[in-house]
Amino acid sequence: MYRRANAATVEYTDPSNTYRTISQELLGRLPLRNLHWNSSSRPLRSIKSLHVDLVPDDKRSSQTTPLAGIQTPSQNGTSSQNLADRPRTGDRPAPFTADSSAKKERRHQIPGLRQTPYLKIYILRCDDVDSYKASSRKLIREWVKDHTPPSQKSSKYNTQENHDAFEWLILHVVSADDVSSSNKEPGEGKGESRWSKRSSSNLIEKIRTDFNGTSKSAVDRVAQVYISGETTGQSSDDGDTGWGDLIFKMKSLILASFDLRVRQYEEDIREKESQRSLPGWNFNTFFVLKEGLAMGFESVGLVEDALTSYHELDVGLHAILEERYADGSSSTSTAQFQEYTDDLLMEVKEAAAVAFGCSKHSDGADPGLDQQLDSKDDLGESILNIDRKPFRELILANKISAFDFQCYIFARQAALLLRLGNASVNTAHNDIKRPQSRGSSPSPADSGYEPQNLLILADVCQRAVEFITSACRTMRNELSAILKTSTDGKDEGSMIRFPSQEIVAENMIASWTYSTAESVLSRTSTASLTTQLQPLMRQLKPSSTNKTNAKIGPDQELPRRTSSLSPSSSVLQRPPSPEKFPSVTSLDAMRLLPQAPAQTGAQDLAAERGTLHALQRRALSHVGFSFGEWRSGWPDMHLSTAQDEQSLEEVSLDETPQDENANGVNGVEETPSTMNGIRSKVLREALTSEKSFYSAYESMTALILALDLLGERKKSAEALTADLAAVRFHLKDYSAAASYFRQLAPFYAHGHWNELELVMLDLYAQCLEQLDRKEEYVSIALKIIAKQVEAKRRLGDGLHRQMQKPSLTISGSSKNWLNSLIEASRSLERQIITPIERYFEPVSLSAQVRHHEERDSFYLQLKTKADLPAVFNADEVRVCLVQTLQEQRTELWLSAADVRIAPRAATEISVVSKVMNPGLYTLEKVILRSANVIFHQDFSTQITPTFPPGSDRTATSALDNFSLTPIHIFPSPQAFSAQVLHSNIIHLEQPRSLEIHISSGWNSILHGRLHVRAGTAGLRLHTADAGSLSAEPSITDQSQPGVIEFGGFTCRKLSSIKIPYSVESDLKHIVIKLEVSYATTEGDFTFACSPKISILLPLGVNVQDIFKQDALFSKFSVFTASSVPIRLKHCRLEGTAAFAVQSPSLTETELDIFARQPVTLMAKICREQNQPLDSEKLSRRLLLQVQYVCLDEEVLAAVEQALKASLGDSDFHELTCLLTPHLITTLRSQLSVQDYEAIGLLREISFGPFSPTTWSPLLTALPQPTCEAALSWLSSWYTTHATIPLPSATPTPQIHHLTVPVQLPHLQILHTARLRPLTASPRIALDHALPAELSISHTRRWGTDRAPGLALNFVYEVLAPLDTWLVGGQRKAHFAAKEGETVTFALLLLPQRTGQLIIPSVEIRVVGNKDEDGDGEGDELSCETDYRSQAETVEVGTGLESTTVSLDGGAWLLETKGRDE
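Attention in this report is confined to the structure presented alongside it.

Reading guide: rules and limits
Residues numbered from 1 in each chain as written. Predicted model: local features only at pLDDT ≥ 70, side-chain atom pairs only at ≥ 80, totals over all residues. Heavy atoms only, no water. Helix = DSSP H or I, 4+ residues; strand = E, 2+ residues; numbered from the N terminus. Buried < 20%, exposed > 50% of the residue type's maximum accessible area, 1.4 Å probe, protein only. Contact = heavy atoms within 4.5 Å. Areas by Shrake-Rupley, 256 points an atom, 1.4 Å probe, with all protein chains shown as cover. Pairing = 2+ DSSP bridges. Axes fitted to C-alpha atoms, helices over the stretch in contact; angles between N-to-C directions. Core = buried A, V, L, I, M, F, W, Y, C linked by side-chain atoms within 4.5 Å. Salt bridge = Lys/Arg side-chain N within 4 Å of Asp/Glu carboxyl O. Parallel < 35°, antiparallel > 145°, perpendicular 65-115°, else oblique. Left-handed = near helix turned anticlockwise from the far one by under 90°. Nonpolar A, V, L, I, M, F, W, Y, C, P; charged D, E, K, R; others polar.

What follows concerns the overall build of the chain. Secondary structure summary: the chain contains 34 helices and 55 strands in total. Here the chain, with 1461 residues, has 50% of them falling under the buried criterion. In the chain, the proportion of contacts linking residues at least 24 apart, taken out of those at least 6 apart, comes to 75%. Looking at the chain as shown, the accessible area adds up to about 69900 Å², and 49% of this sits on carbon and sulfur atoms.

Structure representation (structure tokens):
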């Protein structure tokens, strides 16, 4: 009898046909809920719900099925049989006797092969105690005797009965109608009937007394329920009706029997485990025993425990199979397996019949093959159906194969997992029927109120992948056993030989893989996953489909998948645009997904289903390649390209010659193209044509891609996109393939899959070449070459030669990408720039400057080594040097044309420049251009040299003067030169100017142009006012701002051009950017420089004026404005027609001005008679002429002249322009103020000892011998020129001329005042008054002419300290006076202390008089006072002649005598 494995069986005996009355009430309270099983060997287990199968005891019940009208839906989704259809024996039950009871069924020797009830219930229907005693009690006793559980017996034999342990229960059913009719009084109406439980209570107590034990720990095995005819089917209060007590007792008794069974099973399993190492131990018997425990767990709802048991069995089987494969024997001591399953044998026989029947067809297609296979079942389609074979009987009989064993264990695991995941437990096909459980309770999965657990469904898919992978190996071994050749004649398989049998065997495996995966996929489908797949699939496939494409599978063959993937659609019918490429990072469909999965586990389920679909796609790819050699996906495309690239094939010397086919049958020709063995209709339809195959492959790939996107498997999704791209490339759909390859290459680059990235780029470039997209083609081809170079550097030349050449790998394909991309770039509108370090070894530039003879150009040696696969012809090589001084940046470009660079060889390139801009430079850029391809390297951010992995550092280090070494650019001594200096002639009232000194050198200049720009903000250069200071050259055009064009002049000529300038603010220095372009017979050249010029005056002049009656004395103080001493050669103040000047002349005497020792000169200025003074300032301006020499310029000029003279007579004349500026710069930084003062006093320069560290960095660019010789010569020069005297006669160019305008002050009135004492004695007494006379007169000769007879109002004031003098008389008074008029005032001075007292001073001001203009307004008249009594003193004494004092008894003044007494 069939029992549900996922439900506990309860058997009931119903002799009185009472079950139909209580069935609906009982089933309404099932399944049993909230059971708690506490085992001594396991933790507490909680059973949320326990499904119960209520089955009748056919031998004792009055009926074999429950009553009619009650349907009990089972867990498989179908309703049970109608209970009314069972056979009846009559309305009343037949009497029950002991003779009618059947004998006890014999138990199998191996426990676990049959499912027995956990609980047996006797349903009693008895009205009163008398009836019970008369008949029912005897029947119950006989029933109890026959159904006493093993736990209540004491024999040894009964210990083994615990495998089928059960409990029993007596259920007394009391009907309310029967009770009320028997207890109703005559006068009571029908509506007043009530239950009387007195009779039933007596009866139930009697039953308990008869059948329950007498001990205190005895289990109560009697229950009573009340039913009412009016409320049948409706639940009453369980406490009042007894249903709660019944349910409680059912749960406790079922768990008690279950616990006995588990303990017995565990004891037997431990015993069998301990015997594993003994001879005769059989895994099959152990499997049946342990599976019995697992089925027991499953029956009570402990699915996890059951699943654990199957996992352990699976691991044990896997270990046995591995041992079997390792030993190479078909049987072992621990397991007895058949060599192969009968199902595979039948398929092989059918395939052999088909092979011999269709061998005449060269393409392997038989018109009747599909009709023959349509009627056959595919093994994979029914993989989850455990009823398709008696697996357990085969296991017990040791007649099962390893393949069937694996299939059975996986089917049981999948069934348990599907139950846990609330998925349907039906088999794959609806036409597979099985007996329905009678009295089964409804399943939550059928009700639909519990959602599916997607995590468990994902686990099903994961285990399916592992199972398919392992079972394919087993299947292949069993097919080999069927097809192997045997010489003993006993092997049935030795008779089965047919053409292409190995290919047919692989076809069988592929077909089984596809069908098995499809079965699992159909069982794990969910609506929630379908909802999330829909937006992705809309993005991955076009809206319109081609109806003629091959279908993935008919609707009637397979259940509909959750992916909604139309079988007739092709993903690549409309290739995606580059902007909407369906990759992981840029796929538009990703934005359509919700932020979080709609249900927990959706991501895992999508990923695992994608893996199953990948197995199906692998099977499709395998049969496609085997049938039509149709390459599908990235691996096959990679293999195909590799085979095309390989010119030789390795042959194993251990293999035997292939004189006959692989099957070992002579005379039978191998037919590689066949569909024999493929039972899956989906695969057969995909193989009808190449178009159908690729359509199916693309559709399946798109589905896997969508699932991987949902499962967050980004790398897998990118790999699938690569498969789609490879298919498109194989089908020559280059536009779609290029769209895929464009996004795939960065993915492989990010994962450091260098070889795969290289192959991807190769195919991408081929697509672009076919599409004539030249700009993209050039970029990708450059990237391919860069990857090849990188691989060579990484592997190294020696290691690379030893390794086998991979496909399209490091050496590259046979295509010359370099020449191809150069040719393709010629038609581009813009240039393609790529880093040079990806294709060349580190570039170095020699710092040694080499000059051309008779030409103003120089060149440097650029050294490089190309890692390119072919010769590189550069149209132009350019090098940029940069000089940065403070905020000024100067670039200098050198170039070379038509350069040929050989691969893997050091190349030296002479880069030439016709622009001379002396200074210290560093290499910033290197550019190699060929057509429109530019290899570029920028050293501006490079600090230390970097070496690529695997590069030859020894060879690189041999390249002297690394690229970042400073480079000193200097001209030849005979070359053209230009120098910008400040003009030595300065007039403070006139614009200043700059002088540009030009030397033609050895050049005969035809014409030239001078570009002058201001490098300082606020500086204005007035080139329109420029003029030549020499006859040659002449200025031809200066109309353009900043540009002066001049004519030609001969060689070795000096010329100067003067350019005025102005500044908007006070500046200390200005920067001039000068470029002189000139043409010679040798070509056009340019000289440039950016000097920084000081415009501060090195000296300063202060003047102090002293007015007298007849003359003005001016005192001039000349001092140095800096710390450098100045030699004053001439200083003279020039007079005018109105003023005569008398000043000392310095024509023959030179004065040294030091920082703390200025020079003071005095000049006397007299007013010429009869020369009127106007109000203009011009008539009152005098000019101070100063000629001076700056000592620092004199020192540097002397040193420069000495060094140049010495270099001119040495072998280092060419280094003059390099050594001289360095010496000047070094000397300027070393000389201090004290050094300059000593030089100014001693008139000679003293050098310190020679320091090689000062000169070595400058000479490192030279060859080693030249550098050492130069240092030796400099050392000797320092020795011979330890002291350099300054010239006695200063050269004229070093003399500065400064003209300083001196403006005479404008004084209107000059007063002459004198305070004269009127006493003859120079001494006065302290108590005497000193009479004095104040005389005042004024002159107006130093001001503008006014009427001399006009009197002006003045006020004077005598100023004296109060502690010195008291002034009597008019101390302050007003007076009026004319010019030349003397006014006197009498004063009386009273001394306040003794000593030499200074006569009081006098202050005179103009009062009420203004210098009025024509408008009546004017300023106060300027007025000064020449006080002639300044600093005169008077001696003041006490006025006593003698003093008499007394010292008797103290000091007493007795008498005094004055001088006048």
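Pairing is antiparallel across the open sheet formed by three strands, whose spatial order is β46-β44-β49. Of all strands in the sheet, those with a lone pairing partner are β46 (1372-1377) and β49 (1401-1406), marking the two edges. Averaged over all neighbouring strand pairs, the angle between strand axes comes to 25°, with direction disregarded. Bridge count for strand β44 (residues 1352-1359) against β46 is six bridges, and the pairing is antiparallel.

The next subject is the nonpolar core. For soluble globular proteins, the rule of thumb is that nonpolar side chains tend to be buried together. Core analysis: the biggest nonpolar cluster contains 145 residues, and W512 and L612 have the highest contact counts within it. In terms of residue count, the dominant contributor to this core is helix α15 (residues 454-483) (17 residues). Ranked by size, the runner-up nonpolar core spans 138 residues in total, among them L845, L862, I1070 and Y1236.

Look at the link from L30 to P31: it is a cis peptide, with omega at 0°. With a phi close to 60°, E854 is a non-glycine residue in the positive phi region. Tracing the sequence through the fold places E854 in the loop between β10 (850-851) and β11 (858-865). Residues other than glycine seldom take positive phi values, yet R904 does so here, at roughly 55°. Following the sequence through the fold, R904 ends up in the loop between β13 (888-901) and β14 (906-913).

Before going further, it helps to examine the pattern of salt bridges. Evaluated as defined, the whole model comprises 48 salt bridges. R476 is the partner of E506 in a salt bridge, and the nearest nitrogen-oxygen pair spans 3.0 Å. Of this pair, E506 sits in helix α16 (residues 501-523) while R476 is found in helix α15, placing the two residues 30 residues apart along the sequence. Take E506: its relative accessible area is 24%, and that puts it in the partly exposed class.

The buried fraction of β11 amounts to eight of the eight residues, a majority that puts the element mostly inside the structure. Alternating positions in β11 separate into two faces, F858, L860, L862 and T864 on one and Y859, Q861, K863 and K865 on the other, with burial throughout. Of the strand pairs in this sheet, β10 and β11 are connected by two bridges, and their pairing is antiparallel. Its bridge partner being in β11, H851 is matched across the sheet by F858. Here β10 folds back onto β11, and the loop between the two strands holds six residues, one of which, E854, carries a positive phi near 60°. Across eight bridges, the pairing between β11 and β14 is antiparallel. In the sheet register, Y859 faces β14, and the bridge partner there is V912.

Turning our attention to the packing of helix α19 (residues 602-628) against helix α22 (residues 690-710). In the contact formed by α19 and α22, the axes pass within 8 Å of each other and the chain directions differ by 160°. In terms of their interaxial angle, α19 and α22 are classed as roughly antiparallel. In the packing of α19 onto α22, the handedness of the crossing is left-handed. Note on element contacts: α22 touches α19 through F693, A696, Y697, M700, T701, L703, I704, L707, D708 and L710, opposite Q603, A606, A607, R609, G610, H613, A614, Q616, R617, L620, S621 and G624. Classifying every residue of the contact of α19 with α22 gives twelve nonpolar, seven polar and three charged.

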